[in-house]
Amino acid sequence: NPNTGELKINGTLDFESVNTYNLIVRVTDGSLADDALINVYVSDVNEAPVATDVSVLFPENSPAGTSVTTVIASDPDVGSVMQFSITAGNIGSAFYIDPSSGELKGSDSQLLNFEATPSYTLTVRVTDGLLSDDATITIGIGDVNEPPTITDAIVNVDENALKDIVVFTVQAFDPEAGSQLVFTITSGNEGDVFLINASGQLVLSKPELDFELKNVFNLSIQV
């Protein structure tokens, strides 16, 4: 203040950028003047770390321990030690975070299933021991084509059964919604006695079942 000599802060003080100001203040009566050296020392105050929100895509069924992302965080205070933790959104403990590095990893490949949970929204907290900040980590689970499964079965059919009779309907499942399954008899179908249709129905294609000649067919069916 040019009239009172009161010195005030005119901007932002940041210890980490400038921690000392050596000011020369002049006082004058209009003709004569004198200078004073005013040393202003900026005191260090603990400031909260800052964590950054991020969205990532992570393939389903990735092996446990696969890295998802590393949470980006910074602390204005030089030498501060930051610690990371997941505080919300970690359904089934599908993820874990390295408390020191902030690296986020998948914990169980079976939990990372697009068909069950297509996305996770995690809250990750970073703290310097006193102050903290939260980041929202949005993880989209990428859909990966998974193989269908088929169930073994033992089936009884009478000899001399009529042609085109449905012997059995193969039980198969595909995790991918809307997938079109294709069935094939790959071995064991001696004489092409059986065929399998698009619905997985095993059909007698020839009326040639004779218990006395052959009483077991070991069919391998692929879906």
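Attention in this report is confined to the structure presented alongside it.

Thresholds applied
Residues numbered from 1 in each chain as written. Predicted model: local features only at pLDDT ≥ 70, side-chain atom pairs only at ≥ 80, totals over all residues. Heavy atoms only, no water. Pairing = 2+ DSSP bridges. Helix = DSSP H or I, 4+ residues; strand = E, 2+ residues; numbered from the N terminus. Axes fitted to C-alpha atoms, helices over the stretch in contact; angles between N-to-C directions. Buried < 20%, exposed > 50% of the residue type's maximum accessible area, 1.4 Å probe, protein only. Salt bridge = Lys/Arg side-chain N within 4 Å of Asp/Glu carboxyl O.

Turning to the sheet that holds strand E11 (residues 132-142), a few remarks are in order. Within the open sheet, the four strands sit side by side as E4-E11-E10-E7. Their pairing is mixed. The sheet terminates laterally at strand E4 (54-59) and strand E7 (83-88), the two strands that pair on one side only. This sheet shows a mean twist of 35° between the axes of neighbouring strands, independent of strand direction. Where E7 lies against strand E10 (residues 119-127), five bridges are found, and the strand directions are antiparallel. Opposite Ser 85, over in E10, you have Arg 125 as the bridge partner.

On to unusual backbone geometry, then. Despite not being glycine, Asn 160 shows a phi value in the positive range, around 65°. If you trace the backbone, Asn 160 turns up in the loop between strand E12 (149-150) and strand E13 (166-169). Given the relative accessible area of 56%, Asn 160 is considered exposed. We note that Asp 164 has phi near 75°; this positive angle belongs to a residue other than glycine. Along the chain, the position of Asp 164 falls in the loop between E12 and E13.

Time to look at the pairing of strand E1 (residues 20-28). Among the nine residues of E1, zero are classified as buried, and the element is accordingly described as predominantly exposed. The turn linking E1 back onto strand E2 (residues 33-41) is made up of four residues, and Gly 30 within it adopts a positive phi angle of 105°.

Bringing the pattern of salt bridges into the picture now. Side chains bearing opposite charge may pair, as long as their charged atoms lie close to each other. All chains considered together, the criterion is met by four salt bridges. Linking Arg 26 and Asp 35 is a salt bridge whose minimum nitrogen-to-oxygen distance equals 2.7 Å. Judged by relative accessible area, Asp 35 falls into the partly exposed class, the value being 36%.

With respect to the secondary-structure elements, Lys 105 resides in strand E9 (residues 103-106). Here Lys 105 falls in the partly exposed class, since its relative accessible area comes to 22%. Remark: the alpha-carbon pair of Lys 105 and Ser 62, spanning 43 residues in sequence, is separated by 9.9 Å.

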